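# Tertiary structure, described
Listed below are the residues making up each chain.
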Amino acid sequence: MKLLKNLVVLVLGFVAISPVLASDFDGSKPLICATVEARDCVLTRRCFTGEAREVGAPEFMRIDFAKKTVTGTTRTTAIAALEISETQLLMQGAELGFGWTLAINRSNGHFSGSITNLEGAFLLFGSCTLD
């Protein structure tokens, strides 16, 4: 009986904090994101898959929604467009002849992103948390 009571309390506690956890990815708080896997793709060749540093992509990014910026290891770029839906934060921008898009899952912080120009594309996959 005590085990059942503890289980009910645990479940009710999780249900109570779930909306708070989900609200962390609502575009109101700064995030830090880590790239777990990156791909470097060029037309007519197979994509190279590896770590971000192996393909020249950022290993970590700080996202500041108030300043509308994404800061990587070496540079900061402006967020030109931000769309917030029930399921994702979608950001876009451009810098140094590349266009980029970053989509963050609002329920768990996982992201996928792309950095593209005429020569090819980088695909990024990783996770974000509160900064």
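Since this is a predicted model, take the numbers as computed values, not measurements. (Residues numbered from 1 in each chain as written. Predicted model: local features only at pLDDT ≥ 70, side-chain atom pairs only at ≥ 80, totals over all residues. Heavy atoms only, no water.)

### Examining the state of the cysteines
If you walk through the whole model with that rule in mind, you get two disulfides. The disulfide partner of Cys 33 is Cys 128, and the S-S distance across this bridge is 2.0 Å. Handedness of the Cys 33-Cys 128 disulfide follows from its S-S torsion of about 105°: it is right-handed. Placement of Cys 33 in strand β1 (residues 31–42) and of Cys 128 in strand β10 (residues 120–130) is noted, with a sequence separation of 95 residues between them. Neither residue differs from the other here; Cys 33 and Cys 128 are each classed as buried. Between the sulfur atoms of Cys 41 and its disulfide partner Cys 47 the distance amounts to 2.0 Å. Residues Cys 41 and Cys 47 are joined by a disulfide whose S-S torsion is about 115°; by sign, that bridge is right-handed. Judged by relative accessible area, Cys 41 falls into the buried class, the value being 14%. Since its relative accessible area comes to 40%, Cys 47 is described here as partly exposed. Here the protein pairs its bonded cysteines, counted in sequence order, in the arrangement 1-4, 2-3. (Disulfide = S-S within 2.5 Å. Helix = DSSP H or I, 4+ residues; strand = E, 2+ residues; numbered from the N terminus. Buried < 20%, exposed > 50% of the residue type's maximum accessible area, 1.4 Å probe, protein only.)

### Quick word on the pairing of β1
In the sheet, β1 pairs with strand β3 (residues 60–64) via four bridges, with the strands oriented antiparallel. Of the residues in β3, the one forming a bridge with Ala 34 is Phe 60. Pairing of β1 with β10 involves eleven bridges; the strand directions are antiparallel. Looking across to β10, one finds that Leu 31 is bridged to Leu 130. One ladder, built from three bridges, connects β1 with strand β2 (residues 48–50); its direction is antiparallel. Paired with Asp 40 across the two strands is Phe 48, which belongs to β2. Linking β1 back to β2 in an antiparallel pair, the connection comprises five residues, with Thr 44 at a positive phi of about 70°. (Pairing = 2+ DSSP bridges.)

### Some points on the pattern of salt bridges
Within the structure shown, the criterion is met by five salt bridges. Among the salt bridges present, the one from Arg 39 reaches Glu 37, with a minimum N-O distance of 2.7 Å. Linking Glu 51 and Arg 53 is a salt bridge whose minimum nitrogen-to-oxygen distance equals 2.6 Å. Here Arg 53 falls in the exposed class, since its relative accessible area comes to 54%. One network of salt bridges, with partners in common, ties together Glu 51, Arg 53 and Glu 59. (Salt bridge = Lys/Arg side-chain N within 4 Å of Asp/Glu carboxyl O.)

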